[in-house]
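One-letter residues, chain by chain:
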2 protein chains.
Amino acid sequence: MDSFTIGIVAGTLTTISFIPQIIKIYKTKDAKDLSILMFLIFSLGVLLWLTYGIVIGELPIIIANCVTLFFIVVILAMKIRYR
Amino acid sequence: MDSFTIGIVAGTLTTISFIPQIIKIYKTKDAKDLSILMFLIFSLGVLLWLTYGIVIGELPIIIANCVTLFFIVVILAMKIRYR
């Protein structure tokens, strides 16, 4: 497997991993055990990983971090709604 | 800022982001709102990002994903303990 394929699979996994959390909060309307600080710091990190991907020109890093950032913002909004 | 520095800062942020979650679970002894599926899929993805970092020879990716994997395993263990 080449690095591009590994990166795409890795990015797909770390990205889709947030979907079960979104579904869980949506179903239970409860997010009190989630650390808002975790998602805030994580989103800042993802934004920098995205910058890193752009600088080194690695498309899997760019795509994965764009989608991850979207899901994290959704979770953050749900956390604020269902604290 | 060069890509190495951006990668190190990005990796530090996405890695340390899990510490507030570990502290929160430790304090409340409660992790029921956390999706175990999220952390399982995420850890598999991190393992592949680590592989990706090794293949393309990018040290920030390797270091960040090693430490992240450690924190995720801690959260997974706490989630199983305090479900």
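Chains are numbered independently. Their residues run from 1 in the order of the written sequence. For naming, the first written chain is A and the first written ligand is 1, with later ones following in the order written. Reporting in this predicted model follows two pLDDT cut-offs: at least 70 for local features of residues, and 80 or more for side-chain atom pairs to be given and counted; totals over whole chains, interfaces and linings ignore these cut-offs and use all residues. Side-chain figures throughout are based on the complete set of non-hydrogen atoms in the structure, without hydrogens or water.

(A) Molecular detail of the relation of the copies chain A and chain B. Overlaid copies result from least-squares superposition on C-alpha atoms, with residues included only where pLDDT is at least 70 in both. The two copies are related by a screw motion: chain A maps onto chain B through a turn of 180° and a shift of 0.0 Å along the axis, at an RMSD of 0.0 Å. Such a combination of turn and shift is consistent with a two-fold rotation axis. By C-alpha distance to the rotation axis, the residue of chain A lying nearest is D33 of chain A, at 2.7 Å.

(B) Spotlight on empty space enclosed by the protein. Cavities and pockets were defined on a 1 Å grid built over protein atoms only: a cavity is a set of grid points that admits a 1.4 Å probe from which the probe cannot escape, a pocket is an open set flanked by protein on both sides within 12 Å along at least five of seven lines, and lining residues are those with an atom within 4 Å of any such point. Grid points are joined across faces, edges and corners, and a volume is the space filled by probe spheres set on the points. Following the criterion strictly, the structure yields 2 cavities of 30 Å³ or more and no others. The computed volume of the largest cavity comes to approximately 260 Å³. W49 and N65 of chain A together with T14, W49 and N65 of chain B are, among the 16 residues lining the largest cavity, the residues nearest its centre. A run of DSSP states H or I qualifies as a helix once it reaches four residues; a run of E qualifies as a strand once it reaches two. Both are numbered from the N-terminal end. Among the elements of the structure, α3 (36-56) and α4 (59-81) of chain A together with α3 (36-56) and α4 (59-81) of chain B are those that each provide at least two residues to the lining of the largest cavity. A class-by-class count of the residues in the lining of the largest cavity yields 10 nonpolar, 6 polar and no charged. Just so you know the grouping, Ala, Val, Leu, Ile, Met, Phe, Trp, Tyr, Cys and Pro go in nonpolar, Asp, Glu, Lys and Arg go in charged, and all remaining residues, Gly too, go in polar.

(C) Region of the structure containing helix α2 (residues 18-28) of chain A. Partly exposed residues are those whose accessible area sits between 20% and 50% of the maximum for their type, while under 20% is buried and over 50% is exposed, using a 1.4 Å probe and protein chains only. Three or more residues of α2 of chain A are buried, namely F18, P20, Q21, I22 and I25 of chain A. In this structure, the buried residues of α2 of chain A make contact with α1 (3-16), α3 and α4 of chain A together with α3 of chain B. Downstream of α2 of chain A by a residue or two, K29 of chain A has a phi angle that is positive, lying close to 50°. Residue contacts are counted whenever heavy atoms from the two residues lie within 4.5 Å of one another.

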